Amino acid sequence: MTVESTLQKLNELKLYSMEKMYMDQMSDPAFKDLSFDDRLSLMIDGEWLRRQNSRLHRLMTNAQFKMSQACVEDLLYYDDRKLDKAFITKLSTCNFVGENQNVIIKGASGNGKSYLACALGVSACRNNYSVRYVRLPELLDELAVARLNGTFQKTMKVYRKIKLLILDEWLLVSLDEMQARDLLEIVESRHMTSSTIFCSQFDTAGWYEQIGESTLADAIIDRIIHSSHNILVDGKISMRERLGLHS
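Being a predicted model, the structure only gives us computed values, none of them experimental.

Peer 1: For the overall build of the protein, give the residues involved together with the corresponding values.
Peer 2: Within the protein one finds 12 helices and five strands. In terms of overall size, the protein is more extended than a compact globule, its C-alpha atoms giving a radius of gyration of 23 Å where 247 residues would be expected to give roughly 18 Å. Dimensions along the principal axes, computed over C-alpha positions, put the protein at roughly 75 × 50 × 35 Å. Buried residues in the protein amount to 43% of all 247 residues. Expressed as a percentage of contacts within the protein between residues at least 6 apart in sequence, the contacts between residues at least 24 apart total 80%. In the structure as shown, the protein presents an accessible area of about 13700 Å², 53% of it carried by carbon and sulfur atoms.

Peer 1: I'd love a proper account of the nonpolar core, names of residues and values included.
Peer 2: Ranked by size, the top nonpolar core spans 31 residues in total, and within it F65, I105, L116, V131, I197 and I231 carry the most contacts. When sequence neighbours within four positions are dropped, the list of residues in contact with I197 reads F96, V103, I105, A117, L120, L164, L165, I166 and L167. In this structure, L139, L165, L171 and A180 belong to the second largest nonpolar core, which totals 30 residues.

Peer 1: Summarise the pattern of salt bridges; cite the residues concerned and give the values.
Peer 2: By the definition in use, this model includes 11 salt bridges. A salt bridge links E169 to R135; its shortest N-O distance comes to 2.9 Å. In this pair, E169 is assigned in the loop between β3 (164-168) and α9 (177-190) and R135 in strand β2 (residues 131-135), connecting sequence segments 34 residues apart. Judged by its relative accessible area of 25%, R135 is partly exposed. Between D182 and R147 there is a salt bridge whose closest N-O contact spans 2.7 Å. Within this pair, whereas D182 is found in helix α9, its partner R147 is found in helix α7 (residues 136-149), the two being separated by 35 residues in sequence. Residue classification places R147 among the partly exposed positions, given a relative accessible area of 39%.

Peer 1: Give me the lowdown on the sheet that holds β3, citing residues and values where you can.
Peer 2: Here we have five strands laid out as an open sheet, ordered β2-β3-β4-β1-β5, and parallel in their pairing. This sheet does not close on itself; its edge strands, each paired only once, are β2 and β5 (228-233). In this sheet, adjacent strand axes meet at a mean angle of 15° when their direction is disregarded. The pairing of β3 with strand β4 (residues 195-200) spans four bridges and is parallel. What sits directly across from L167, in β4, is F198.

Peer 1: Describe the packing of α7 against α9, with residues and values.
Peer 2: In contact at an axis separation of 10 Å, α7 and α9 are set at 100° when each is read in the N-to-C sense. With respect to α9, the element α7 is oriented roughly perpendicular. On α9, the residues that touch L136, L139, L140, L143, A144 and R147 of α7 are M178, Q179, D182, L183 and I186. For the contact of α7 with α9, the residue count by class is eight nonpolar, one polar and two charged.

Peer 1: Kindly report on helix α6 (residues 113-126), identifying the contributing residues and their values.
Peer 2: The periodicity of an α-helix, 3.6 residues per turn, causes residues three or four positions apart to be oriented the same way. Spanning 14 residues, α6 covers 20 Å between terminal C-alpha atoms, matching the ideal 20 Å at 1.5 Å per step. With 12 of 14 residues buried, α6 lies mostly within the body of the structure. Taken residue by residue, α6 has K113, S114, L116, A117, C118, A119, L120, G121, V122, S123, A124 and C125 as its buried positions. Following α6 by one or two positions, N128 has its phi on the positive side, about 70°.

Peer 1: Would you mind going over empty space enclosed by the protein in detail, with residue names and values included?
Peer 2: Within the structure shown, the criterion is met by one cavity of 30 Å³ or more. Roughly 110 Å³ of internal volume is contained in the largest cavity. If you go around the largest cavity, you meet 15 residues; those closest to its centre are N102, V187, R190, H191 and T196. Where the lining of the largest cavity is concerned, the elements lending two or more residues are β3, α9, β4 and α11 (214-225). At three residues, the largest contribution of residues to the lining of the largest cavity is made by α9.

Peer 1: Report on unusual backbone geometry, specifying residues and quantitative values.
Peer 2: One non-glycine residue, L171, lies in positive phi territory at about 55°. Looking at the element boundaries, L171 is found in the loop between β3 and α9.

Conventions used here
- Residues numbered from 1 in each chain as written.
- Predicted model: local features only at pLDDT ≥ 70, side-chain atom pairs only at ≥ 80, totals over all residues.
- Heavy atoms only, no water.
- Helix = DSSP H or I, 4+ residues; strand = E, 2+ residues; numbered from the N terminus.
- Rg over C-alpha atoms; globule rule 2.2 N^0.38 Å.
- Buried < 20%, exposed > 50% of the residue type's maximum accessible area, 1.4 Å probe, protein only.
- Contact = heavy atoms within 4.5 Å.
- Areas by Shrake-Rupley, 256 points an atom, 1.4 Å probe, with all protein chains shown as cover.
- Core = buried A, V, L, I, M, F, W, Y, C linked by side-chain atoms within 4.5 Å.
- Salt bridge = Lys/Arg side-chain N within 4 Å of Asp/Glu carboxyl O.
- Pairing = 2+ DSSP bridges.
- Axes fitted to C-alpha atoms, helices over the stretch in contact; angles between N-to-C directions.
- Parallel < 35°, antiparallel > 145°, perpendicular 65-115°, else oblique.
- Nonpolar A, V, L, I, M, F, W, Y, C, P; charged D, E, K, R; others polar.
- Expected span 1.5 Å × (residues − 1).
- 1 Å grid on protein atoms, 1.4 Å probe; cavity = no way out; pocket = protein on both sides within 12 Å on 5 of 7 lines; lining within 4 Å.
- Points joined across faces, edges and corners; volume = space filled by probe spheres on them.

Here you go:
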């Protein structure tokens with residue numbers, strides 16, 4: 001078998017990193033001192049790393065993070081924020097995702113709820129979980145459009161399959177009855193099968209008024225609070241003011 005034939009087959013098999021490393025080994029005399037097993041191991045490790053990086057890039061792109069640069073390692077634990085570093089570090093292992101649990105992040109506007117949620121989302125991507133970030137108003141608009149054009153069930157299927165859904169601006173504005181029904185569809189379809197991070201300026205007691213219709217509010221909230229971890233992001237100074245953020 002010729003070198004050209006081997007390279008062609010590696011390319012056809014989409015083993016692109018192995019193809020490149022094989023070319024490097026053939027052109028660099030230093031590799032001749034290595035055993036066959038060592039050379040093969042180097043090629044396999046390179047291909048594995050390429051695929052891991054490619055998968056992470058795909059997961060990060062599909063997540064549509066508001067802050068794709070967010071990471072748990074860069075969180076700022078100022079005393080007035082009252083963040084439990086050990087607890088957040090534990091959440092960053094994403095065991096809560098594997099166990100289909102939720103996280104409720106509460107705090108005033110500008111205190112860093114979105115950054116923390118995105119940081120946990122990035123950790124989930126690193127752990128090979130599918131993630132999607134979306135503002136609740138945008139999600140409700142998307143579902144309303146889907147109802148009109150007959151793609152509601154198809155859209156629901158997409159959101160049902162996402163392992164970790166990040167809902168920002170959770171109940172920031174009051175819902176009408178149809179929005180509340182659509183929200184129940186989302187929550188019900190994901191209940192006990194996947195995880196959601198809710199970013200809210202309101203304590204859970206204030207969710208009832210924002211949802212409106214009492215029966216729907218009970219159904220939605222009951223499916224969330226009993227399987228959720230709670231984080232309060234406090235702060236005497238908002239993170240936007242503290243860091244000069246403009247988003």
